[in-house]
Every structure is written in C-alpha cells, then in structure tokens.
Amino acid sequence: QQKMEKMMNDPVASMPYILYPVYDTADVVNDKGEGASSVEKPKLDWFSTEENEVADKIFDAMVKVYEDFGIDFAVEDAKGGEKGYSAGGKVRISSDTVGIGKASTAIHEFAHELMHQTYLKTKADTEKAGGSEANMGEKTKHILDAYVGRNMSEILELQAESVAYVVLKSFDVPGLKYAVNYIALWKGTKDSIMGNLDVITTTANIIIKNINKHIVMDEAEEQSIHGDL
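Calculation rules
Residues numbered from 1 in each chain as written. Predicted model: local features only at pLDDT ≥ 70, side-chain atom pairs only at ≥ 80, totals over all residues. Heavy atoms only, no water. Helix = DSSP H or I, 4+ residues; strand = E, 2+ residues; numbered from the N terminus. Buried < 20%, exposed > 50% of the residue type's maximum accessible area, 1.4 Å probe, protein only. Contact = heavy atoms within 4.5 Å. Areas by Shrake-Rupley, 256 points an atom, 1.4 Å probe, with all protein chains shown as cover. Pairing = 2+ DSSP bridges. Axes fitted to C-alpha atoms, helices over the stretch in contact; angles between N-to-C directions.

Novice: In this structure, what is going on with the overall build of the protein chain? I would like to understand it.
Specialist: The helix and strand inventory of the protein chain stands at 10 helices and 3 strands. The linear arrangement of helices and strands in the protein chain, starting from the amino end, is α-α-β-β-β-α-α-α-α-α-α-α-α. Evaluated residue by residue, the protein chain yields a buried proportion of 35% over its 229 residues. Counting contacts in the protein chain only where the partners sit at least 6 residues apart, residues at least 24 apart contribute 65% of the total. Summing over all exposed atoms, the protein chain offers an accessible surface of approximately 14500 Å²; the carbon and sulfur share of this is 53%.

Below, the structure is given as structure tokens:
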C-alpha cells in the first residue's frame with residue numbers, strides 16, 4: 001500500500017501517465033453481497049472417456065508412428081494427474097486414458113514433439129547460458145523470436161490440442177467438444193487459432209499421413225475410415 005501511494009503521489013518524470021488502482025473479479029460482489037470467490041465457476045469437461053473403435057485404431061497406429069520417429073513411447077501410471085507428457089524424444093501416456101481421450105493424448109503429445117521440443121530445448125539452453133544474444137546463433141534467435149510476447153503455455157497447448165482436434169476430425173471421430181473445451185481453458189479464441197492455422201494444419205497433415213500408413217482396417221472400413229488432408 002505504501003509503495004502504491006508513493007507511485008501515485010510521486011509520478012515518474014519519464015512516464016507521462018497517471019496511475020490508478022484497478023480491480024478484478026476478486027473485488028466484485030453480486031447483488032446478494034457474495035464475493036467472486038464464493039460464486040461457483042462453470043466446469044468444463046476437457047478430457048473424453050468415451051470408448052470408440054476408430055479412436056482405438058488411431059491409437060494403435062500412433063504407437064507405430066512413434067516407433068518410426070524413434071520416440072520412446074509408453075503407457076504408464078500418471079505421477080501427478082497428467083494424461084500425458086512430452087519430454088523431447090520421450091512421451092508417456094497415462095494408463096487411465098481410454099478411447100477418444102487416449103487417441104487424442106497420443107496425437108497431442110506427438111504434436112508437442114514435432115512443433116515444440118526444439119523451442120523448449122533452445123530456450124532452456126539459452127537461459128542456462130545467461131540468455132545473452134551474443135551467445136545465440138541466428139537459428140536460435142529465429143526459434144525464440146517466433147514466441148516473443150506470447151504466453152508460452154497458452155500458445156503451445158493451443159497448437160497441440162488444435163492439431164489433435166484436426167486429426168481426429170479428419171477420421172470422423174465423434175465427441176470432440178472436449179478438445180474445444182481444452183482449447184478454451186487455455187484461452188484459445190477464433191483469432192488465436194486462425195493466427196496459428198499454418199502450423200496447425202501442416203503438423204496435422206504430417207500426422208494424418210503417418211497414421212494412414214499404419215491404421216488397420218477391414219474391407220468395409222476401407223470405404224469410410226481414412227484421414228483427409
């Protein structure tokens with residue numbers, strides 16, 4: 001409070017603005033006098049537990065895709081409630097995932113491997129080296145510049161889950177409202193999705209092509225199950 005009063009009473013000469021305190025939802029009460037913290041927030045289901053035969057075939061194909069790309073892939077018990085994680089050449093899917101959610105997670109984490117692990121490694125190496133631009137090569141600068149001014153988690157999750165949505169949609173897998181909810185929880189909007197459309201569609205097409213190499217179908221399914229680019 002003292003710092004705020006000082007800032008308000010002693011404006012910084014080089015900053016021609018007047019400072020005022022601001023408020024957020026935590027400061028708001030409704031007509032019953034209830035604070036925002038006591039109002040129940042809407043719950044969005046973001047993970048599907050629906051069983052689906054096509055989704056199971058996609059997951060089986062994804063296991064082979066991981067092998068093709070030399071990525072260490074396995075299903076094991078979650079350590080902290082996660083459904084899966086990508087760790088640069090290593091992906092784990094939680095053993096409690098099933099059906100659509102299982103296929104979606106396998107695609108989501110693979111998308112992280114394709115799109116983001118180079119960035120994350122570059123960022124970590126740069127920070128370890130002190131983050132000096134003098135120590136960065138042109139490729140490193142280019143990779144990091146692509147994300148400047150953005151919320152890292154939001155943009156990475158938006159891209160990965162949008163890829164999972166596009167891939168599953170291409171195989172006509174139902175129940176994709178969960179992917180939409182997940183994107184919304186990471187503050188994804190129409191504009192942010194359109195702004196990332198190139199990388200989303202490019203990555204989705206790579207995954208669709210590789211799933212199509214391995215997906216196992218009987219004669220009847222050949223006519224209906226396929227991923228459209």
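Novice: What should I look at first to understand unusual backbone geometry in this one?
Specialist: Excluding glycine, most residues fall at negative phi; most peptide bonds, likewise, are trans. Even without a glycine there, the phi angle at Asp172 is positive, about 60°. Structurally, the position occupied by Asp172 is in the loop between helix H6 (152–170) and helix H7 (177–185). We classify Asp172 as exposed; its relative accessible area is 63%. In this structure, Lys187 is a non-glycine residue whose phi angle is positive, near 65°.

Novice: Sorry if this is basic, but what is going on with the sheet that holds strand S1 (residues 72–76) here?
Specialist: Strand pairing in a sheet takes place through backbone hydrogen bonds and is either antiparallel or parallel in direction. If you walk across this open sheet you meet the 3 strands as S1-S3-S2, and the pairing is mixed. If you trace the sheet from one side to the other, it starts and ends with S1 and strand S2 (84–86), each paired once. On average, each strand axis in the sheet is inclined to that of its neighbour by 15°, with strand direction left out of account.

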